[in-house]
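Examining the three-dimensional arrangement
If you want the building blocks of each chain, they are given just below.
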Amino acid sequence: MHGLVNQGLRDLVIEIGGEALWVEIATAADVGHESFLCMDVYPDDVTYRLVGAASAALGMSPSEVLHAFGRHWIMYTARRGYGAIFDTMGRTLPEFLGNLDAMHTRLTLSMPKLRPPSILCEPLGGEQFRLEYRSERPGLVPMLLGLLDGLADLYDVTLSVTQTVARAEGADHDEFLVRYRPVPSGTGPAPEPAAAARRATPSLVTEATADG
Ligand code: HEM
């Protein structure tokens, strides 16, 4: 995957435990260096090894790390100059998800070797939609669920997600039924998504700080 992904993971770890924790994790993962060039492509194995090492160091399961990373990715990319893209993705969560494949495709202009997932969003009416997720990579459903949680923060909605088709059970893709509801306190107009991303604080970091 592109170095941007590994740098996003690095950013999350440093927010949780500082530079020293990241060096410990990068060393345990045996990736050979402690930072990555965002536009360079690294073997997927590097990312999986970093997730494994972060899981051991943080006492979280790999799924929990991937989930936290997915959630963090929204704010991280907004901060790294991709915020303007978020503003063009639509006023609702299903609209955003419906535009996601086109967005990843647009990114191939600057990242020609990008191998993005394929995500299909079918609105079902009544604030629910069906989401199909196809990836050539295994095991990234928790990251997708974290991404959805990050987007829910962005759009001021709460989510209820039920997996209806699973690669882990032999299917060729994963599928979800998602219900979303506006967060009750959100009375004013929805903020521009990128602005919301810039002001948001990762919940994991909040918890880590509160506990520490
Ligand atoms: C502007 C924001 C975004 C950027 C710059 C971006 C870019 C990327 C990059 C560089 C990768 C690694 C793939 C590779 O290097 O071959 C990736 C993977 C991925 N992206 Fe995005 N992405 C963005 C937003 C999103 C959002 C909002 C979602 C929400 C569903 C998403 C879903 C995924 C998933 C699930 C993967 C994992 C790869 C896989 O499933 O095979 N991305 N993205």
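Residues numbered from 1 in each chain as written. Predicted model: local features only at pLDDT ≥ 70, side-chain atom pairs only at ≥ 80, totals over all residues.

A few points about helix α3 (residues 62-87)
- In this model, α3 (26 residues) spans only 31 Å end to end at C-alpha, well below the 38 Å of a helix rising 1.5 Å per residue.
- Along α3, the sharpest change in direction is near 110° and occurs at G81. (Helix = DSSP H or I, 4+ residues; strand = E, 2+ residues; numbered from the N terminus. Expected span 1.5 Å × (residues − 1). Bend = angle between axes of the 7 residues up to and from the residue.)

With respect to the site of the ligand
- Around the ligand, the surrounding shell holds 23 residues, and the nearest of these are H2, Y82, P117, S135 and L147.
- Of the residues contributing to the shell around the ligand, the split by class is 16 nonpolar, 4 polar and 3 charged. (Near = placed C-beta within 6 Å. Nonpolar A, V, L, I, M, F, W, Y, C, P; charged D, E, K, R; others polar.)

Some points on the sheet that holds strand β3 (residues 157-165)
- Taken in spatial order, the 4 strands make up an open sheet running β1-β2-β4-β3, and their pairing is antiparallel. Two strands bound the open sheet, and with one partner strand each, they are β1 (118-123) and β3. The sheet shows a mean angle of 25° between the axes of neighbouring strands, direction not considered.
- When strand β2 (residues 128-134) meets strand β4 (residues 174-182), the two strands line up antiparallel, connected through 6 bridges. Within β4, the position partnered with Q128 by the bridge is R179.
- With respect to the sheet, helix α6 (residues 141-154) is in contact with β2, β3 and β4, its orientation differing from that of β3 by roughly 155°. (Pairing = 2+ DSSP bridges. Axes fitted to C-alpha atoms, helices over the stretch in contact; angles between N-to-C directions. Contact = placed C-beta atoms within 7 Å.)

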